[in-house]
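Structural characterization, general
Residues per chain, in single letters:
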Amino acid sequence: MNEDQIVQLLILMLKGASPLIFAALGELIVEKSGVLNLGVEGMMLMGAVAGFIGASEYGFVVGIFFAMAAGVLMSLLFGVLTLSLVSNQVATGLALTIFGIGLSAFVGIPFESTKLESTIGVIEIPLLADIPLLGPLLFKHDPLLYLSIVLLALVSWFLYRTRGGLILRAVGESHDAAHALGYSVIKIRYIAVAFGGAMAGLGGAYLSLVLTPGWEQDMTAQRGWIALALVVFATWRPMRVLVGAWLFGGLTILNLWAQSQGIGLPQQLLTALPFLATIVVLVLISRDAAMIRLNAPASLGKPFHPTS
Amino acid sequence: MKLSMVFKGAAVAVAVTGLAATAQAEQLKVGFVYVSPIGDAGWTYQHDVGRKEMLKALGGKVSARFIEKVPEGPDSERIIRRLARSGHKLIFTTSFGYGPYTLRVAKKYPNAVFMHATGAKTAKNVGTYLARFYEGRYLTGVVAGKMTKSNNLGYVAAIPIPEVIRGINAFTMGVRSVNPKAQVRVIWTGSWFDPGKERQAAETLIAQGADVITQHTDSPAPVQAAEAKGVYAIGYHSDMSKHGTKAHLTAAVHNWGAYYTKIAKQVMAGTWKSGAYWGGIKDGIITLAPFGAAVPADVRKLVTERQAAIAAGNLHPFQGPVKGQDGKVIVAAGKTMSDHDMHGMNYYVEGIVSKLPKK
Amino acid sequence: MRVKLEPRVASSQWMRYGGPVMALAATVIVGAILFAALGKNPANGIYAFFIAPVTTLPGVADLLVKATPLVICAIGLSIGFRGNVWNIGAEGQLIVGAVCGGAMALAFYPDDGWYVLSFMVLAGMAGGMAWAAIPAFLRSRFNVNEILTSLMLTYVAIELWKYMITGPLLDPGGSSFPQSREFPPGTLFGVIFESARTSVLFAVAVILAGWLFMTRALQGFKVDVVGQAIQAAHYAGFSQRRVVWLSFLVAGGAAGLAGLIEITGPIKQLPLKFTPGYGFVAIIVAFVGRLHPVGMTIAALLMALMFLGGDELQFELNLPPAIAGMFQGLLLFFVLASEVLIRFRIRVIRSARRTAPEASQAGAGE
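Residues numbered from 1 in each chain as written. Chains lettered and ligands numbered in written order. Predicted model: local features only at pLDDT ≥ 70, side-chain atom pairs only at ≥ 80, totals over all residues. Heavy atoms only, no water.

1. Points about the overall build of chain B
Across its full length, chain B carries eleven helices and 14 strands. Taking 21 Å as the expected radius of gyration for a compact globule of 359 residues, we find that chain B reaches 23 Å, a close match to that expectation. Over its C-alpha atoms, taken along the principal directions, chain B stretches across nearly 90 × 40 × 40 Å. Relative to its 359 residues, chain B shows a buried fraction of 57%. In chain B, the share of contacts with a sequence separation of at least 24, taken over all contacts with a separation of at least 6, comes to 66%. Looking at chain B as shown, the accessible area adds up to about 14,300 Å², and 58% of this sits on carbon and sulfur atoms. Here chain B holds 45 positive side-chain charges and 24 negative ones, and the gap between their average locations is 6 Å. (Helix = DSSP H or I, 4+ residues; strand = E, 2+ residues; numbered from the N terminus. Rg over C-alpha atoms; globule rule 2.2 N^0.38 Å. Buried < 20%, exposed > 50% of the residue type's maximum accessible area, 1.4 Å probe, protein only. Contact = heavy atoms within 4.5 Å. Areas by Shrake-Rupley, 256 points an atom, 1.4 Å probe, with all protein chains shown as cover. Lys, Arg positive; Asp, Glu negative; His and termini not counted. Charge placed at Lys NZ, Arg CZ, Asp CG, Glu CD.)

As structure tokens, this is what we get:
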């Protein structure tokens with residue numbers, strides 16, 4: 001196998017990682033604010049179907065907006081129930097997933113097995129794209145893939161270099177203390193949840209508009225759950241999300257490549273690896289209270305009862 | 001006078017309804033169970049084309065009902081049972097995995113006829129039907145072998161049952177008969193229909209240098225992948241050229257209409273008997289899609305000649321020498337593989353780089 | 001003017017029973033709207049979904065068959081939920097239980113005396129318990145969040161399943177199609193009527209056991225206290241660690257039993273896919289049933305009805321059976337929303353100025 005082929009495979013890995021990056025970034029913000037939204041799979045599917053419908057009817061850009069809007073609406077459904085009506089986050093998130101799977105299947109019926117006419121196209125950075133090997137690997141991708149990297153940098157900067165990010169993290173660490181300081185915990189969490197929804201929708205749109213492209217029921221194929229695992233695997237840090245997404249995305253390509261070459265790798269073990277690895281990470285960071293404090297948002301999953 | 005008119009009118013109405021009722025009673029209700037969406041190309045699409053042709057040929061004598069996207073497994077038993085329970089006397093279950101469930105329901109409904117596509121087991125009221133797809137595969141392999149420049153071919157396959165393995169082997173025999181240096185790589189998606197996985201598999205094969213992609217899966221995703229990456233593709237089940245106008249070279253096309261019409265007529269006449277049908281090119285069940293513009297005239301001539309030879313019985317895709325991946329001779333030169341041996345095929349022939357999923 | 005949620009002194013009895021009923025009504029209405037919005041006749045759709053499945057005797061049998069694994073799983077889970085132990089890996093535990101039970105059947109193959117089934121049941125429960133023991137261990141020893149671990153293990157269980165049916169348990173006579181051999185008839189539960197088998201009796205037993213545990217057993221009381229007032233529990237010496245282990249093992253055993261029942265009842269083998277997410281729907285059943293055995297039984301029957309409705313829609317209208325999930329999710333949303341009205345009262349506050357008169361008004365009101 002020559003270098004060109006290796007580059008081609010790495011490009012496939014980058015593309016496969018993109019939907020994970022979007023969804024995981026969104027859920028990272030949500031969890032940093034102290035909320036656990038298990039509905040990522042459902043939100044991604046709604047984003048995928050809405051994006052496909054928008055792109056089929058009105059073109060690519062509209063598709064992206066539809067996808068984000070669908071994600072936001074789904075997440076707000078979750079938000080109203082868990083933030084304003086203080087319902088159990090685990091149950092609501094699961095309900096959101098099951099609901100999203102069903103609703104997307106229903107809504108997408110007329111669009112199954114249809115072809116998408118308007119495609120996204122590729123952005124080639126002049127001069128740099130012509131560098132052998134590195135050029136196509138780094139400088140010749142679809143706009144959404146670049147967007148995912150940009151967003152990752154933005155989220156990282158927001159969380160650790162802005163006041164807003166500090167407040168968000170404070171809310172996630174101790175919502176009572178943040179409330180006592182006068183911050184509107186509920187409002188901040190709503191914004192975080194909505195952002196998570198928009199990102200999940202984008203991740204879904206990447207699947208239906210770029211990766212496949214097309215719409216089929218259940219097309220996320222557990223990627224929402226992998227994104228949830230990814231957030232934990234990355235110990236809630238954006239840069240680690242990038243590396244983790246490459247690893248998880250790369251595993252799939254590795255699996256396929258090994259199969260075709262006649263190399264006997266244990267397929268099911270490789271597919272299970274992201275989840276197993278996440279459990280290992282969880283054990284490592286939970287070993288003692290100090291490690292937990294350093295990594296996981298302390299208020300994660302705990303409902304907030306304002307006392308005034 | 002008015003009263004007699006009413007009576008006459010009533011008599012005519014009764015007569016007409018009576019006739020209609022008798023016609024209804026004679027109408028054969030046919031059910032179709034599909035494993036994937038009908039879409040616009042693929043395995044299920046071709047079965048549905050067959051269903052429509054049957055309806056056209058037999059007019060009001062039959063009515064047909066289909067249910068698509070029925071997953072193989074216990075869910076299918078419920079659907080097949082409901083079809084039988086609601087008066088369908090001829091039921092086609094169009095996927096290998098429906099086998100055990102078709103047999104179970106057939107036991108409870110001995111008066112209905114069940115036809116299981118690609119199945120391996122028959123019963124008194126269960127017949128199986130299969131086409132010699134491998135003949136078409138062989139011919140598409142010849143095209144692929146001639147058109148490849150990298151001598152690297154990619155195959156996106158679904159589930160490793162003998163029928164699929166036979167297709168891969170026949171394709172490889174065709175390729176190697178005109179290009180002994182070419183190699184075939186196979187990726188299994190684990191499902192008959194999964195466009196996302198099929199696309200990813202095709203792209204991975206292309207990334208490894210394959211310049212002709214073919215498939216044994218239900219969606220046109222591999223053809224689309226080939227078109228997007230500027231390599232060639234050979235479709236399957238249907239003519240998939242609309243999904244890859246530049247990439248599509250040809251396809252092995254399934255034609256079920258005449259067969260379905262024949263079976264329906266037999267059931268209506270009461271002459272149907274159980275059996276295992278295995279028709280081929282000479283029966284018209286397999287044809288080749290029109291050649292893509294890129295295929296040169298000499299290749300077209302060669303393929304057409306070989307197609308005629310197969311139909312006449314002078315050429316067999318698995319005629320000796322047939323060697324396994326390990327180089328051992330399976331069929332000696334001058335001999336032809338028997339139907340029985342073809343049915344149980346669970347090994348790869350020489351020329352395939354990948355290994356079969358281990359048991 | 002703003003809307004405020006004010007905690008009630010005592011939860012509203014009216015809403016406690018009326019809430020789920022209102023939720024069901026709201027689900028039906030929204031469902032009808034969705035049907036209409038997508039061009040399908042709402043009356044047909046609602047009838048086909050909610051009513052048609054149980055108008056025939058086979059349909060009623062199917063309803064019991066589908067509700068059985070749901071209620072067994074849900075009751076097992078509810079013990080943990082009451083104790084604030086969040087096991088959401090029931091799906092994985094169910095799958096492992098099915099694999100173990102199925103492997104037992106195939107180990108004895110072709111022998112199918114009555115004892116094989118007994119071993120299978122034990123194997124199923126043991127398998128589920130073993131799988132549930134992992135998150136329990138990780139939580140009690142390493143303090144790891146059990147929501148995440150039990151969830152991750154579900155997807156590991158799915159891969160384990162796939163490995164078993166394409167490898168060690170692959171049917172040697174099945175042309176390499178990924179599924180196991182069919183189980184011999186003696187290993188299946190006996191048929192009561194139509195598709196309903198004696199395994200339904202297990203469901204009844206579990207419901208009774210669950211009710212007895214929560215209302216009579218001291219341990220059940222301890223679970224409640226640990227769940228609702230952890231400080232009080234510490235004071236009283238109730239061990240949280242014990243509650244964690246108990247919850248997971250009970251839930252795992254129940255889920256494993258449910259999985260075993262599924263594959264010996266309607267299915268008779270280990271196929272590629274046998275559960276439409278029973279383990280996850282069981283969590284919804286637990287919540288819709290408000291963690292009470294009777295409530296969960298009714299909720300399980302409702303959810304089972306929705307699964308059948310999805311099949312009905314597929315058969316009659318060629319709609320994807322995943323629609324069942326749409327209704328199930330909606331029902332839970334409305335139930336959760338109605339929960340609010342049980343615990344809280346909605347108060348509209350007119351203006352911030354008049355504080356004293358408003359306080360007396362609030363006192364004099366409801």
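Still more ground to cover, so stick around.
2. A closer look at the nonpolar core
Judged by nonpolar contacts, the single largest core of 199 residues is most densely connected at Leu209(A), Leu70(C), Ile72(C), Leu151(C) and Val285(C). Per-element tally for this core: the top contributor is helix H1 (residues 3-32) of chain A, with 16 residues. Excluding residues that lie within four positions of it along the chain, Leu209(A) makes contacts with Gly51(A), Phe52(A), Ala55(A), Phe60(A), Gly63(A), Ile64(A) and Leu116(A). Counting 94 residues, the second largest nonpolar core, distinct from the first, contains Ile79(B), Ile234(B), Leu288(B) and Met337(B). (Core = buried A, V, L, I, M, F, W, Y, C linked by side-chain atoms within 4.5 Å.)

3. Concerning the interface of chain A and chain C
Taken together, the 42 residues of chain A in the interface contact 42 residues of chain C. Buried area between chain A and chain C, both sides added, is near 3,800 Å², and the carbon and sulfur share of it is 85%. Its largest share of buried area at the contact with chain C, chain A owes to Ile98(A), Phe106(A) and Gln268(A), together 18% of the area lost on that side. Applying the counting criterion to the chain A and chain C interface returns zero salt bridges. (Buried area = accessible area lost by both parts, 1.4 Å probe. Salt bridge = Lys/Arg side-chain N within 4 Å of Asp/Glu carboxyl O.)

4. A short note on the domain arrangement of chain B
All names here are of chain B. Taken domain by domain, chain B holds domain 1 (11-132 + 255-283) and domain 2 (133-253 + 286-343). Distance from the C-alpha centre of domain 1 to the C-alpha centre of domain 2: 29 Å. Taken together, the contact pairs 23 residues of domain 1 with 26 residues of domain 2. Of the roughly 2,100 Å² buried at the junction of domain 1 and domain 2 (both faces included), carbon and sulfur atoms supply 61%. Ranking the residues of domain 1 by area buried against domain 2 places Arg132, Trp278 and Ile281 at the top, with a combined share of 34%. Across the domain 1-domain 2 interface, the total number found is two salt bridges. A salt bridge links Arg132 to Asp339, with the nearest nitrogen and oxygen atoms 3.1 Å apart. On inspection of domain 1 and its partner domain 2, the count reaches 13 residue pairs in polar contact (both at pLDDT 80 or more). Elements represented by at least two residues in the side of domain 1 that touches domain 2 include exactly helix H2 (43-58) and strand E5 (126-131). When residues of the side of domain 1 that touches domain 2 are assigned to their parent elements, the largest contribution, four residues, is made by H2. Looking at side-chain class alone, the side of domain 1 that touches domain 2 contains eleven nonpolar, eight polar and four charged residues. (Domains from an automatic or database assignment. Polar contact = N/O pair within 3.5 Å; in protein donor to acceptor, adjacent residues only side chain to side chain. Nonpolar A, V, L, I, M, F, W, Y, C, P; charged D, E, K, R; others polar.)

5. Here's the deal with a nonpolar patch on the surface
Residue and element names in this part refer to chain A. There is a patch of nonpolar side chains on the surface, built from Leu147, Val150, Leu154, Trp157 and Phe158 and spanning about 440 Å² of accessible area. With respect to the element layout, Leu154 can be found in helix H6 (residues 143-161). By relative accessible area, which is 44% here, Leu154 ends up partly exposed. (Patch = residues over 30% accessible without salt bridge, like charges linked within 9 Å, V, L, I, M, F, W, Y side chains within 5 Å.)

6. Side note on the interface of chain B and chain C
In this complex, chain B contributes 29 residues to the contact, which on the side of chain C involves 27 residues. With both sides pooled, the region where chain B packs onto chain C buries about 2,300 Å², and carbon together with sulfur makes up 49% of that total. Interface area lost by chain B to chain C is led by Arg78(B), Arg82(B) and Arg104(B), which between them contribute 24%. At the surface where chain B touches chain C, the tally comes to four salt bridges. In this structure, the salt-bridge partner of Glu182(C) is Arg104(B), at a minimum N-O distance of 3.6 Å. Here chain B is connected to chain C by nine residue pairs in polar contact (both at pLDDT 80 or more). Elements represented by at least two residues in the side of chain B that touches chain C include exactly strand E2 (62-67), helix H3 (74-85) and helix H4 (99-108) of chain B.

7. With respect to the sheet that holds strand E7 (residues 183-188) of chain B
All names here are of chain B. A sheet is described by the order of its strands in space; here six strands give the open sequence E7-E6-E8-E9-E10-E12, paired in mixed fashion. What marks the edges here is a single partner per strand, and that holds for E7 and strand E12 (286-288). Recorded for the sheet is a direction-independent mean angle of 15 degrees between the axes of neighbouring strands. With five bridges joining them, strand E9 (residues 232-237) and strand E10 (residues 248-254) adopt parallel strand pairing. Bridging across to E10, Tyr236 finds its partner in Ala252. (Pairing = 2+ DSSP bridges. Axes fitted to C-alpha atoms, helices over the stretch in contact; angles between N-to-C directions.)

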